[in-house]
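# Structural characterization, general
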Amino acid sequence: MAKRVFNFNPGPSTLPLEVLKIVQDEFLDYKGTGMSIIESSHRSPEFDEINESAITLTREVLGLGDNYQVLFLGGGASTQFAMVPLNFLGPDRKAAYVDTGSWSSKAFKEGQIIGDAVLAASSKEAGYKFIPKMNDIKYPADAAYLHITSNNTIKGTQYHEFPDTGSVPLVCDMSSDIASRKLDLTKFSLIYAGAQKNLGPAGVTMVIIRDDLLAKAREGLPTMLSYKTHAEKKSLYNTPPAFGIYIVKLVLEWIKKQGGLSAIEKVNRQKKDAIYNLMDSYPDFYRGTVEKDSRSWMNLTLRLPDENLEKKFIAEAKAVGFVGLKGHRSVGGIRVSLYNAMTLEGARKLAEFMETFRKSNA
Ligand SMILES: *Cc1c(COP(=O)(O)O)cnc(C)c1O
C-alpha cells in the first residue's frame, strides 16, 4: 500500500482515495475494451457513456434541471474569464464585476479587455478581508451580467449568501467551492469551475449555462470560443479533456455515494469547525486573516505570531504527514485547504497538531 499524506494543497489537490483506486483498477483495460480510457476514441461508445453520465450526474448532484447545459472544456477557469465577456458582453452593454481577490480581479481584467466592464463592488482597499454586503453590490439595471467569485481560494473568503439580480444574469466562478455545500443554484445563469479543486484533475473546466442565457450568446465568434459550439456538440466539437471528464464522473458518483451535497456539506462544516474553533481558542497565536462572517470553508487562512514560527509550523507539519499548508505568496502565513476529498480525520488530526504546536511554541 502506497504511503499517502494528508494533502492540504490548494489546487491541484487531494482526490478521494476510492476514486483513485477505481482509476488505477480500470487504467490498463477499461471495462473489457483491452485499452486504457486515455487510449480510446472520444467518439467511442465507452467515452460517450462517460460524457453523458458526467452531464447527468452534474445536474443531479447540483440540483439543476435540463434547462442547464453542462460543458467540459479545456483551458482552465482562466479561459472562462475571457469566454464569458466574449459571448455575452455586446458593444452597447456593460458587464459588472465584484472584486473579492486575485481571481476575480483577473476575471475583471479580461472583461475590460473585451468590453465595458465596471466594478459593482470591491473589498480591495481592505486587503480583500471580506465579501461585500449584498446591498453594497451596485450594477446597471441592464448589465449584460454580474460576475462574482463564490470562494476566494487565495484570500480565504467565501460568499455565504448571493445577490438577487433579477433579470441581470448572475455568473459565478465556483472553481474552489463547487459541490461543497447544498445551495439553490437556480439563481445562477452561468457557473464555471476548474476541476482541480473539488471535482477532479487539472485540464478540464466544468461550465454550466442556463438555456435562456445561452440563447443570447453572440454569433460570429471564433468557433472554439463560442459556448454554442460546445453546447450543441455536448463538448465533443473537438477532442475534449477525456481523462479529466472520466475522473469528474467518478468524483460525482463518489459524492452521490456519500449522500449527496447535504452529506458533503455536513462533513465540510465539521472540518472547518475543527480548525476555526481551534484558531478561535488561541486568537493571539493563530490569527485569522479575514472577517469571521466571510470566512471560507474551503481555504482557511491564518498567520502565526512571526514568520519564523510559520516556517517551523510548515516544516514540522510536513514531517508528520500534513502537506500543502503554505499560504499563497500574496498573503503569507498558513492556508489550510479543506476540499471535499479531505477527510474529517485529516482536519481533526491537523487541529490536534495545531494544539500541540501551540503548546510547545507559545
Ligand atoms: C484555481 C482558480 C482559478 C484558476 O483556474 P485555472 O484552471 O488554473 O485557470 C480561477 N478561479 C478560482 C476561484 C480558482 O480557485
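Residues numbered from 1 in each chain as written. Predicted model: local features only at pLDDT ≥ 70, side-chain atom pairs only at ≥ 80, totals over all residues. Heavy atoms only, no water.

### Observations concerning the domain arrangement of the chain
- Each domain of the chain was delimited in the assignment, giving domain 1 (17-258) and domain 2 (260-361).
- Computed from C-alpha atoms alone, the centre-to-centre distance between domain 1 and domain 2 is 27 Å.
- Each side of the interface is counted separately: domain 1 has 27 residues, and domain 2 has 25 residues.
- Surface buried jointly by domain 1 and domain 2 totals about 2,200 Å² across both partners, of which 52% is contributed by carbon and sulfur atoms.
- On the surface where domain 1 and domain 2 come into contact, there are one salt bridge.
- We note a salt bridge from Asp293 to Lys133, for which the minimum N-O separation is 3.9 Å.
- For the side of domain 1 that touches domain 2, the secondary structure elements donating two or more residues are helix 2 (45-62), strand 7 (157-158) and helix 7 (242-258).
- When residues in the side of domain 1 that touches domain 2 are grouped by element, the largest group, four residues, is from helix 7. (Domains from an automatic or database assignment. Contact = heavy atoms within 4.5 Å. Buried area = accessible area lost by both parts, 1.4 Å probe. Salt bridge = Lys/Arg side-chain N within 4 Å of Asp/Glu carboxyl O. Helix = DSSP H or I, 4+ residues; strand = E, 2+ residues; numbered from the N terminus.)

### Observations regarding the sheet that holds strand 2 (residues 68-73)
- Taken in spatial order, the seven strands line up as 2-10-9-8-5-3-4 in an open sheet, and their pairing is mixed. The open sheet has two free edges, formed respectively by strand 2 and strand 4 (116-122), since each of these has just one partner strand. Strand after strand, the sheet turns through a mean of 20° between neighbouring axes, direction not considered.
- For strand 2 and strand 10 (residues 205-210), the ladder comprises six bridges, and the chain directions are antiparallel. When the sheet's bridge partners are listed, Tyr68 is paired in strand 10 with Arg210. (Pairing = 2+ DSSP bridges. Axes fitted to C-alpha atoms, helices over the stretch in contact; angles between N-to-C directions.)

### A few points about the site of the ligand
- For the ligand, the set of nearby residues contains 13 residues, the closest of which are Ser78, Thr153, Asp173, Gln196 and Lys197.
- The separation between an oxygen atom of the ligand and a polar side-chain atom of Thr153 is 2.5 Å.
- Here an oxygen atom of the ligand and a side-chain polar atom of Gln196 are 2.9 Å apart.
- Taking 390 Å² as the accessible area of the ligand by itself, protein coverage stands at 87%.
- A molecule is said to occupy a pocket when more than half its atoms come within 2 Å of that pocket's grid points, and by this definition the ligand occupies the second largest pocket.
- Of all the elements, helix 3 (residues 76-88) adds the most residues to the shell around the ligand, at four residues.
- For the shell around the ligand, the per-class residue count stands at three nonpolar, eight polar and two charged. (Near = heavy atom within 4 Å. Polar contact = N/O pair within 3.5 Å; in protein donor to acceptor, adjacent residues only side chain to side chain. Areas by Shrake-Rupley, 256 points an atom, 1.4 Å probe, with all protein chains shown as cover. 1 Å grid on protein atoms, 1.4 Å probe; cavity = no way out; pocket = protein on both sides within 12 Å on 5 of 7 lines; lining within 4 Å. Sits in = over half its atoms within 2 Å of the grid points. Nonpolar A, V, L, I, M, F, W, Y, C, P; charged D, E, K, R; others polar.)

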